[in-house]
Amino acid sequence: MMGAAIQFRQLTKTRGGQAVLSKLDLDVIEGEFLGLIGVNGAGKTTLIKCLLDLDSVGSGSIAIFGQAHCVVGAREQLAYLPEKFLPPCYLTGQDFLRYMGKLHGHDFNPDEVGEMLRILDLEAAALDKSAGRLSRGMAQKLGLAACLLSGKRLLVMDEPMSGLDPKARAGLKRRLLELKQQGYTFFFSAHLLSDAEKLCDRIAILHQGKIQYVGSPAACCRHFNAPDLEQAYLCCIDAECPPARPGPRVRA
């Protein structure tokens, strides 16, 4: 049985006296794709920033491959893409990929880079431009390329599909599904339920700082007696929704 790549235990985070995350428990199992779903302000980005030690934790714990998240070595096998990514404006696209390759301990391979540009539908000429001249979508593709070329087995991304055109989204999903077959672990936040349904082994619905449901997209539909994931999600976060179908307790 595979162990947990990421563990959140009783995680609590407050800001301005208000609870952003409240006694949150969640496991991401090695080799699985888990999508974190929630409305704006649900706490998705805060949770990911806490995981990366980019935001402080009030109480509780986070472990990455069994090590405390604040230990630098715990993140050795992790590559991260933040929300609304913008690379340093003073670097060209190629300089950025070379720099990220060095950080990840992965050599710059022109053939691998060219293939990744094809997958993400990013023209090679973009690598010669300074990052400050790239559109938001092109910058997002550059950040995705750096993550996917990192060779890291744990990928953590905050809204990775944001700003992508349909062709790039389709290419990214195909590549991610290939990595899934190779045993990679993927933890990401998303607004688009169709992406989560296509990619995820399990989804975690985060609402008002609490995990309201964890399970497969299909199981979520059954649990809430809904015809599709959108309706199941709406029932999960809506207190006035008809009661869910009786079944086993939601697990974290």
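This text follows the structure it describes.
Since this is a predicted model, take the numbers as computed values, not measurements. (Residues numbered from 1 in each chain as written. Predicted model: local features only at pLDDT ≥ 70, side-chain atom pairs only at ≥ 80, totals over all residues. Heavy atoms only, no water.)

Observations regarding the side chain of Lys180
1) Next: Relative to the helices and strands, Lys180 is located in helix 5 (residues 166–181).
2) Next: A distance of 3.3 Å separates a polar atom in the side chain of Lys180 from a polar atom in the side chain of Asp201.
3) Next: Non-local contacts of Lys180, meaning those with residues more than four positions away in its chain, are made with Phe33, Leu199, Cys200 and Asp201. (Helix = DSSP H or I, 4+ residues; strand = E, 2+ residues; numbered from the N terminus. Polar contact = N/O pair within 3.5 Å; in protein donor to acceptor, adjacent residues only side chain to side chain. Contact = heavy atoms within 4.5 Å.)

Let's talk about the sheet that holds strand 2 (residues 18–29)
1) Next: Strands sit in the order 2-1-4-5 across an open sheet of four strands; the sheet is antiparallel. If you trace the sheet from one side to the other, it starts and ends with strand 2 and strand 5 (67–68), each paired once.
2) Next: With eight bridges joining them, strand 1 (residues 4–15) and strand 2 adopt antiparallel strand pairing. Paired with Gln7 across the strands is Asp27, a residue of strand 2.
3) Next: Here helix 1 (residues 44–51) sits on the sheet and contacts strand 1, strand 2 and strand 4 (59–64); the angle it forms with strand 1, its principal contact strand, is near 115 degrees. (Pairing = 2+ DSSP bridges. Axes fitted to C-alpha atoms, helices over the stretch in contact; angles between N-to-C directions.)

A word on the pattern of salt bridges
1) Next: Counted under the stated rule, the structure contains 11 salt bridges.
2) Next: As a salt-bridge pair, Asp121 and Lys167 come within 3.8 Å of each other at their nearest N and O atoms. Of the two residues, Asp121 sits in the loop between helix 3 (110–120) and helix 4 (136–148) while Lys167 sits in helix 5, which places them 46 residues apart along the sequence.
3) Next: For Arg175, the salt bridge identified is with Glu178, shortest N-O distance 3.0 Å. Here Glu178 and Arg175 lie together in helix 5, a separation of three residues that amounts to about one turn.
4) Next: With relative accessibility at 19%, the residue Arg175 sits in the buried group. (Salt bridge = Lys/Arg side-chain N within 4 Å of Asp/Glu carboxyl O. Buried < 20%, exposed > 50% of the residue type's maximum accessible area, 1.4 Å probe, protein only.)

As for the sheet that holds strand 3 (residues 33–37)
1) Next: The six strands are arranged 6-7-8-3-9-10 in an open sheet whose pairing can be described as mixed. Two strands bound the open sheet, and with one partner strand each, they are strand 6 (78–81) and strand 10 (210–215). Looking at each pair of strands side by side, their axes are set apart by 15 degrees on average, direction ignored.
2) Next: Strands strand 3, strand 9 (202–207) and strand 10 of the sheet are contacted by helix 8 (residues 229–237), whose axis makes an angle of about 35 degrees with strand 9.

Concerning the packing of aromatic side chains
1) Next: This structure, assessed with the given rule, holds five aromatic pairs.
2) Next: A centroid spacing of 5.6 Å and a plane angle of 45 degrees characterise the contact between Phe85 and Phe96, whose relative ring orientation is tilted. Residue Phe85 is located in the loop between strand 6 and helix 2 (93–104), and its partner Phe96 is located in helix 2; the two are separated by 11 residues in the primary sequence.
3) Next: Look at Phe85 and you get buried, because its relative accessible area is 11%.
4) Next: Joined through ring pairs, the aromatic side chains of Phe33, Phe186 and Phe188 make up one cluster.
5) Next: In this arrangement the basic side chain of Arg98 is found over the ring face of Phe108, its NZ or CZ atom lying 4.0 Å from the centre.
6) Next: Over the face of the ring belonging to Phe33 we find Lys180, whose NZ or CZ atom lies 5.5 Å from the ring centre. (Phe/Tyr/Trp six-rings, centres within 6.5 Å; stacked < 30°, edge-to-face > 60°. Lys NZ or Arg CZ within 6 Å of the ring centre and 35° of its normal.)

Note that every value here comes from positions in space, so none of it alone points to a role or purpose.
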